[in-house]
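# Coordinate inspection notes
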There are 4 protein chains.
Amino acid sequence: MVEMGEKCSVVGLFNVPEAAKFAYFGLFSLQHRGQEAAGIASSDGEKIHLVKGRGLVTQVFDGEKLELLTGDSAVGHTRYSTAGEDSVLDAQPIFARYDLGQIAVVHNGNLTNAKEVRRELIREGAIFQTFMDTENLIHLIARSQKSQLYDRIIEALHRIEGAYSLIFLSRRKMFAVRDPHGFRPLSIGKLKEGWVVASETCAFDLIGAEYVRDVVPGELVVFEKGKEPRSIQVFEPTPHKCVFEYIYFARPDSLIYGKSVYELRKAMGRELAKEYPVQADMVVPVPDSGVAAALGYAEASGIPFEMGIIRNHYVGRTFIEPTQSIRDLKVKMKLNPIKEVIRGKRLIVIDDSIVRGTTSRKIVGILKEFGAKEVHMRISAPPTTGPCYYGVDTPTKEELIASKMSVEETRRYIGADTLAYLSIEGLLRSVGNDQSYCMACFDGDYPVEKRE
Amino acid sequence: MVEMGEKCSVVGLFNVPEAAKFAYFGLFSLQHRGQEAAGIASSDGEKIHLVKGRGLVTQVFDGEKLELLTGDSAVGHTRYSTAGEDSVLDAQPIFARYDLGQIAVVHNGNLTNAKEVRRELIREGAIFQTFMDTENLIHLIARSQKSQLYDRIIEALHRIEGAYSLIFLSRRKMFAVRDPHGFRPLSIGKLKEGWVVASETCAFDLIGAEYVRDVVPGELVVFEKGKEPRSIQVFEPTPHKCVFEYIYFARPDSLIYGKSVYELRKAMGRELAKEYPVQADMVVPVPDSGVAAALGYAEASGIPFEMGIIRNHYVGRTFIEPTQSIRDLKVKMKLNPIKEVIRGKRLIVIDDSIVRGTTSRKIVGILKEFGAKEVHMRISAPPTTGPCYYGVDTPTKEELIASKMSVEETRRYIGADTLAYLSIEGLLRSVGNDQSYCMACFDGDYPVEKRE
Amino acid sequence: MVEMGEKCSVVGLFNVPEAAKFAYFGLFSLQHRGQEAAGIASSDGEKIHLVKGRGLVTQVFDGEKLELLTGDSAVGHTRYSTAGEDSVLDAQPIFARYDLGQIAVVHNGNLTNAKEVRRELIREGAIFQTFMDTENLIHLIARSQKSQLYDRIIEALHRIEGAYSLIFLSRRKMFAVRDPHGFRPLSIGKLKEGWVVASETCAFDLIGAEYVRDVVPGELVVFEKGKEPRSIQVFEPTPHKCVFEYIYFARPDSLIYGKSVYELRKAMGRELAKEYPVQADMVVPVPDSGVAAALGYAEASGIPFEMGIIRNHYVGRTFIEPTQSIRDLKVKMKLNPIKEVIRGKRLIVIDDSIVRGTTSRKIVGILKEFGAKEVHMRISAPPTTGPCYYGVDTPTKEELIASKMSVEETRRYIGADTLAYLSIEGLLRSVGNDQSYCMACFDGDYPVEKRE
Amino acid sequence: MVEMGEKCSVVGLFNVPEAAKFAYFGLFSLQHRGQEAAGIASSDGEKIHLVKGRGLVTQVFDGEKLELLTGDSAVGHTRYSTAGEDSVLDAQPIFARYDLGQIAVVHNGNLTNAKEVRRELIREGAIFQTFMDTENLIHLIARSQKSQLYDRIIEALHRIEGAYSLIFLSRRKMFAVRDPHGFRPLSIGKLKEGWVVASETCAFDLIGAEYVRDVVPGELVVFEKGKEPRSIQVFEPTPHKCVFEYIYFARPDSLIYGKSVYELRKAMGRELAKEYPVQADMVVPVPDSGVAAALGYAEASGIPFEMGIIRNHYVGRTFIEPTQSIRDLKVKMKLNPIKEVIRGKRLIVIDDSIVRGTTSRKIVGILKEFGAKEVHMRISAPPTTGPCYYGVDTPTKEELIASKMSVEETRRYIGADTLAYLSIEGLLRSVGNDQSYCMACFDGDYPVEKRE
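Since the model is a prediction, treat every value here as computed from it, not as a measurement.

For chain A, the mean per-residue pLDDT works out to 94, and 96% of the residues sit at or above 70. Across the predicted assembly, pTM comes out at 0.93 and ipTM at 0.95.

Another point: the relation of the copies chain B and chain A. With an RMSD of 0.1 Å, the operation that places chain B on chain A is a rotation of 180° combined with a shift of 0.0 Å along the axis. The operation mapping one copy onto its partner corresponds to a two-fold rotation axis. Taking C-alpha positions as the reference, the residue of chain B nearest the rotation axis is histidine 313 of chain B, at 3.3 Å.

A few words now on the environment of alanine 19 of chain B. All names here are of chain B. By secondary structure assignment, the location of alanine 19 is in helix α1 (residues 19–29). Taking the C-alpha atoms as reference points, alanine 19 and threonine 78, separated by 59 residues in sequence, lie 17 Å from one another. Setting aside anything within four residues of it in sequence, one finds alanine 19 in contact with Leu13, Ser42, Gly71, Asp72, Ser73 and Ala74.

When you line up the elements, glutamate 340 of chain B lands in helix α12 (residues 339–342). When the C-alpha atoms of glutamate 340 of chain B and tryptophan 195 of chain B are compared, they prove to be 51 Å apart, with 145 residues separating the residues in sequence. Setting aside residues no more than four positions away along its own chain, glutamate 340 of chain B makes contact with Ser260 and Glu263 of chain A.

This brings us to the relation of the copies chain A and chain D. Two chain copies here: they are related by a rotation about an axis and a translation along the same axis. Note on the copies: chain A fits chain D at an RMSD of 0.1 Å, the axial shift is 0.1 Å, and the rotation between them is 179°. A high fraction, 100%, of the interface residues of chain A reappear at the interface in chain D, so the copies pair face to face through one surface.

This part covers helix α15 (residues 424–431) of chain A. All names here are of chain A. Of all the positions in α15, only Gly426, Leu427, Ser430 and Val431 are classed as buried. Seen from one end, α15 has its buried residues packed into an arc of 125°, which puts them on one side. Check the buried side of α15 and you find it contacts α8 (244–249), α9 (261–275) and β25 (437–438). Once α15 finishes, glycine 432 follows within two positions and takes phi at roughly 125°, a positive value.

Let us look at the sheet that holds strand β22 (residues 374–379) of chain A. Sheets are built from strands that pair by backbone hydrogen bonding, the pairs being arranged parallel or antiparallel. All names here are of chain A. Reading across from one edge, β18-β21-β22-β24 is the order of the four strands in this open sheet, with parallel pairing throughout. The sheet is open, and its two edges are formed by β18 (282–285) and β24 (418–421), each paired on a single side. Between one strand axis and the next, the sheet turns by 20° as a mean value, whatever way the strands run. Note that β18 and strand β21 (residues 346–351) share four bridges and pair parallel. Counted as the bridge partner of methionine 282 is leucine 347 from β21. Sitting on the sheet, helix α13 (residues 358–369) touches β21 and β22, and the angle it makes with β22 is about 150°.

This part takes up the interface of chain B and chain A. With 48 residues of chain B at the contact, the number on the chain A side is 48 residues. Elements with a contribution of two residues or more to the side of chain B that touches chain A: α1, α3 (63–68), α7 (202–207), α9 (261–275), α10 (291–301), α11 (329–334) and α12 of chain B. Tallying contributions element by element places α1 of chain B first for the side of chain B that touches chain A, with six residues. Across the side of chain B that touches chain A, the residue classes tally to 26 nonpolar, 13 polar and nine charged.

Here we come to the arrangement of the chains. No part of chain A reaches chain C; the closest C-alpha pair between them is 15 Å apart. There is a gap between chain B and chain D: no contact, and a shortest C-alpha distance of 15 Å.

Once that is clear, we can look at the interface of chain A and chain D. Between chain A and chain D, the residue contacts involve 24 residues of the former and 24 residues of the latter. Mapped by element, the contributors of at least two residues to the side of chain A that touches chain D are β4 (48–54), β6 (94–98), α4 (114–123) and α5 (135–143) of chain A. Residue composition of the side of chain A that touches chain D, by class: 13 nonpolar, four polar and seven charged.

Moving on: the nonpolar core. Counting 634 residues, the largest nonpolar core has Ile167 of chain A, Ile167 of chain C together with Ile167 of chain D as the members making the most contacts within it. Setting aside anything within four residues of it in sequence, one finds isoleucine 167 of chain A in contact with Val10, Gly12, Val75, Val106, Met174, Phe175, Ala176 and Val197 of chain A.

Our next topic: the domain arrangement of chain A. All names here are of chain A. The domain architecture assigned to chain A consists of domain 1 (5–239) and domain 2 (264–433). Domain 1 and domain 2 are separated by 34 Å when their C-alpha centres are compared. The interface of domain 1 with domain 2 comprises 13 residues on the first partner and five residues on the second. Residue classes in the side of domain 1 that touches domain 2 are distributed as three nonpolar, seven polar and three charged.

Most of helix α5 (residues 135–143) of chain B sits inside the fold, with nine of its nine residues counted as buried. For α5 of chain B, every residue scored as buried is listed here: Glu135, Asn136, Leu137, Ile138, His139, Leu140, Ile141, Ala142 and Arg143 of chain B.

This paragraph deals with the sheet that holds strand β14 (residues 230–233) of chain C. All names here are of chain C. Taken in spatial order, the six strands make up an open sheet running β6-β7-β8-β9-β13-β14, and their pairing is antiparallel. A single partner strand is all that each edge strand has here, and the edge strands are β6 (94–98) and β14. The mean inter-strand angle of the sheet, taken between neighbouring strand axes irrespective of direction, is 20°. Bridge analysis of β6 against strand β7 (residues 101–108) gives five bridges, and the strand direction is antiparallel. By the bridge assignment for β7, isoleucine 94 is matched with valine 105.

This part takes up the packing of helix α9 (residues 261–275) of chain C against helix α15 (residues 424–431) of chain C. Residue and element names in this part refer to chain C. At a minimum axis separation of 8 Å, α9 and α15 run at an interaxial angle of 140°. In terms of orientation, α9 and α15 fall into the oblique class. Every pair of crossing elements has a handedness; the one defined by α9 and α15 is right-handed. For the pair α9 and α15, the contacting residues are Leu264, Ala267, Met268, Glu271, Leu272 and Glu275 in the first and Gly426, Leu427, Arg429, Ser430 and Val431 in the second. Here the residues of the contact of α9 with α15 sort into six nonpolar, two polar and three charged.

A few words on the pairing of strand β8 (residues 165–170) of chain A. All names here are of chain A. The buried fraction of β8 amounts to five of the six residues, a majority that puts the element mostly inside the structure. Where strand β7 (residues 101–108) and β8 come together, six bridges link them in antiparallel fashion. Looking at the pairing, valine 105 lines up with phenylalanine 168 of β8. Note that β8 and strand β9 (residues 173–178) share five bridges and pair antiparallel. Residue pairing in the sheet places phenylalanine 168 in a bridge with phenylalanine 175 of β9. Counted between consecutive antiparallel strands, the loop separating β8 from β9 contains two residues.

Basis of the calculations
Residues numbered from 1 in each chain as written. Chains lettered and ligands numbered in written order. Predicted model: local features only at pLDDT ≥ 70, side-chain atom pairs only at ≥ 80, totals over all residues. pLDDT = per-residue confidence, 0-100. Least-squares fit on C-alpha atoms with pLDDT ≥ 70 in both. Helix = DSSP H or I, 4+ residues; strand = E, 2+ residues; numbered from the N terminus. Contact = placed C-beta atoms within 7 Å. Buried ≥ 20, exposed ≤ 12 C-beta atoms within 10 Å, placed from the backbone. Arc of directions from axis to C-beta. Pairing = 2+ DSSP bridges. Axes fitted to C-alpha atoms, helices over the stretch in contact; angles between N-to-C directions. Nonpolar A, V, L, I, M, F, W, Y, C, P; charged D, E, K, R; others polar. Core = buried A, V, L, I, M, F, W, Y, C linked by C-beta atoms within 7 Å. Domains from an automatic or database assignment. Parallel < 35°, antiparallel > 145°, perpendicular 65-115°, else oblique. Left-handed = near helix turned anticlockwise from the far one by under 90°.

This is how it looks when you write it as structure tokens:
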């Protein structure tokens, strides 16, 4: 029930007949990573075609629009939130004509030196028609003196910093890149004679592709007709993979960084049970994201798992509020505890994070109002004390409750009987105990500085 | 994952300021009972106002339309499917002017003698402007010679047969009725000074009402300003409550017939485990409806519960299909197994029913393709061998796989290693072992005959 | 530029393959008679199909919806304004099932005894689901004891009073009726093997039908397969044909009551020139409705005709108004004088009527502001002193400027140099000098009383 | 009834509170110059805001969107046709951030060296994100070394060729420019303390601005707070003003190049009457564009003017066509002759041009079918023999009937009894007989070469 948002998902198809339609279904699988805008660019070998717009994938595209997107390669994008008044301008793919022809690009991540690079490019005479970091990249590529696109991409990558999982589409090739830290995921799959690249492997499952491997941090993969994909290790990998993908963002049926999200979430729950056991009658997840961790907690603790809170998935936007107002309307429209299950019971409630604390406070309030005897909140991640600069839409540090309150203060604020967060060590144990993860939002150790 | 559909939900509010807005949120909670059309009628004491249309509750209504629905009483409706070309005509509430003034009615259920009554009414000169059974009722009320509306309602109820949970709204009163069999649920709640009636209690939770009791089968409850609700037992109750409400239709966080849906679903799972145990590595629900039964099965069997199949809730209508088609597209857009969880494992898969068999066949197919070693299908209900005449949109008898194939034949058709259904006795034990349920779709014992 | 509105247009097709599509184009031609709602019902011989909704004909219907309307007979309707919150309910055709089968009806006009009949029907047990007068008719037909539909229609017609041009569609026949006064027009055309009935003959031109004759006041025409249309003179004709059809409502390219609207409008202009000559530099119409009369005035007076005011046809609804407001915004969005043409000139401005006077006042104001030296307003109809009860949406008597101000007072109010209205005699001379017209809105002589 | 399309209209407001709302009404007046897309950018002094989209002005904007467009300066645009799949990308204004801050631009016209300039800019590293010529200009401005925006605009103008009426909006200033030939119109008006610039003066009339003068060919006008507009004559004027603005594009109530469109159209009609008189019963315009010329013809010839063809303005897109097809459906949906007026008559039909000849052929066909005895087609412009490179969307030379058929051949093709075009000399006499007009589409004398 995190209130943070990943900014996007990307998908690419190469050498797949009707590539745009497969991109459409790929994006449909990745819809949870962005609901504000969607777009697909395809290439028929001679020309790049583009359709993008506001809304869900199924709202932006219909059969007629997909018919326009001819060709057997395509890149697609879903976007979480778009600032500014005319968000269509800030949807992706970005398309441009430049000296080597035509190019489209999709980007998941955030460049930490975007402003700096933009200022420099603007100083050199570039114009920026969108508010997206990604526009920098096309300028850098267009201004490069190299004759080959992949050389230009490499040159451009050396100018940018931060988080990027990128797919470039030219008229005849496709290029997939991951930043040296590998902040955001990007996987490669095989679909008959062709190739698929996507933010999460659940996209492969729907379209029937086979997961092959991840794009390695710092790697550029070049897809070209009649050749095997070519790998160029542009940077030495210094992995700082976003651990929040496991905690919250990714679908549990995806592999992220080659590992099952569901399995790791269960492991976090088990660790949490070991670190912060408590006497209780049942383990209840905040659905949907808390389910796997709660199963892990239940397994390790031997306390029964119960789906004690039900999620209503028919959530549309509603701006209607009776003047005689309904208490906690927004949370209640999504979540409803089962009174008969929780009444008089001691609950261990598993959520993936506490951001501002307001939602958790409401959930605890409703549970108590519905008769829960005790509410022991267990968070399957460490306290979020800092914002993310690498592609996650977090509130400012000031808004993060864990940056200004102790755990005990937070417990009192949200009204729980006890509150505990998974430790950083516990989290590391859950996800494989290697040192390859970015934990900056928990420990403030930012692998790449944000520059203004 | 049942492919049957309940036809509707109803909600009524009396003596509640901004009644229509509360009806809106009530219908939002009941959206799972009908997504095709929605409507609300309100009374300001002098005039009844009406808005209805196609689509989800959040699509049919906006703030402007709700502003039109003034007054402190209201009735609302969501509809599952609408036949015919211009479905707005077949949305509810039905509104009419008649000799006692104005009336609006909402109906969950199906009248078994609707055609007969209609023919008779038509013979007497009535005209039918919709294709809904409910229209009969208003004609009967309008033609009655009684001077009081409640007397007329009672007279009308004596002419109709079948399933009906009804709410009538006149300019100053509201009337809630349940047929003598109590086929469909209908509960009463208290909201401050006013009253709420709804198909399921989850509607009470969202708007902050307190569950009081069910409308008794055969009872008419009259709501009038300045008086306590008045109960008239129109018919001797001969309860035949729809057991499918527990199996599939209702939200697990609702009370139905006064009992927790979630708890009874778990009980069905436990019974199923006792009746049809099998050696396996994990119990996996077909989400969302199979979750509670799977938890019960896991609990009783001691076999671990795993959310091995993930449901994508961003399901929109899509008419797009690549010519190079994606296998099992429709099922895969909704459900995706987690390969890493199920690979090489023996699964007990819990679903609530098998209707035509095609979906089950696809689910088993995908599970096997994703590496499941064994798939043991367990259904938390008996085989569905007959259609429902009491308000559930079932396929014809010919289309029901259980009406033409033995369990073994069905098993072979869907490709499972074993297949078992909960017995009728097991089901009865789960839901309280009394004789008050309608089991017609399982045992062919129809409490009210369907007349053509 | 009249601010009154005709309530509707009707069209019917019989024995024409793809009847609904022809109805669609017929309604497109009649769009000027009603922009709020549109609908078509068709019969395939076994079943009547219906689609209706809010908006223009091209907005309510698309190819998919027209495909639903199978069969070779159809009736259609456009509606001017719809009261109440849910106007779809008050769109036509009205469809009903009754003892003789299925029926759909479309109606142009207003019944003067609608309330009385409704009260009586309600007393007999009828229910009214719409707010349209027309619903009465179906009840009367359904309650009749006659065995033949045409007998029932005749019986029903004897119970109603007022204005009606009606088309009934049963599964195998079509019936066209005009009230004994013939208040509203209704013409019959031939289309290959089939027949067309429409409010105006311009509908025939588009679909390629040949005008045959008008339905006679008091006549019922029965269309049946394999037979010639059969005429039944239900009532002695006592013609009181709406003269406003000539003045304003009808398209100039239509025949109304068998005569060219354009020609009669020119004749009114000529009469006006004879009755109220004035020295001036040019004759300028208020477009579009004033054009033909202005041509007549110019012809008779010898004063040059100029299109000195231009009409912007891109009128959409706009609710936007700068706080720093634009003077006379609504009139200016529609009409703009040509400064260079009118500056310093003496204008004779021809309009078809003055209703409340506010629009005329604004037009005169803009003309003067743009430099007109003199504005002589000439109205091609007598002063409108009373409301219409026969199907025209007029303001109340109190709102009609001519009912409370003398011509001289009106002149001063609108700011014209002179003002003159065509006399009733002049109008009669223009339209043929027979006594067959309803002039009630001019002379208060209502041929049928309005009963409450 | 020309089938060519002007590509756009532009409007600019400076120092006008709620500038965007005035831009909205200005664009509403100019809607005839482009119906495919519309957009407005406003500046609040600190930031430029932008909204654009597909559709009519009233469809793209609502009150909520206009609220976003704060500030007291604004530029707006309507677009005739947009190529490519995602036309939002090709709507204007174009907005960019560059080294001097933020800029928005709107453009009416076409650059003849757009490809050449773009190639050069691309060679220098520029990227093009749209398919509009206008994007070149922002690049040129951004790349300039000058420190002042107006110096940069001037520098940029020296690099481009062709037709351009441009308005630039920076955060604090506005700039209006017309190319040295003055191909497209651009007028300046005064609105209280502020200024308005627009393609046609009819926009001034609606919003209450006063026409001051035209932007002179080759002039740049700088609008700055607290100062009078400053004029810079960037180029020596070599006027080649588009004469088609008079013939067809502009509204008759506009001043174009300081002269009344209506008056000049009448003059063309008079010339045509002198050059090509014919014995006939009436002069009939093809509405709406042929009306003024027909009035002129009638005046000069003494033959009566009649509105013998009526235009239906409810034209929506329709993709519906009965299989039993309606002859000449598209023309008939727009135009309908009045049978009673033309039957047995010798008609002089006035149209403004013949492009492909197909529409004229259909019009003549319908007139003859409706009984016209003779049809003498008179065109108020010379034969269109070549395409336009200066902002008009013409068919290719091959599609222009006058480029491949003689007048006599054309006459036979369209089926008229006689056919005559206004001579180039006659046209010149009508519009003032100076040498300042572009006649390239008639005489092939292109003032600026098109470069590929």
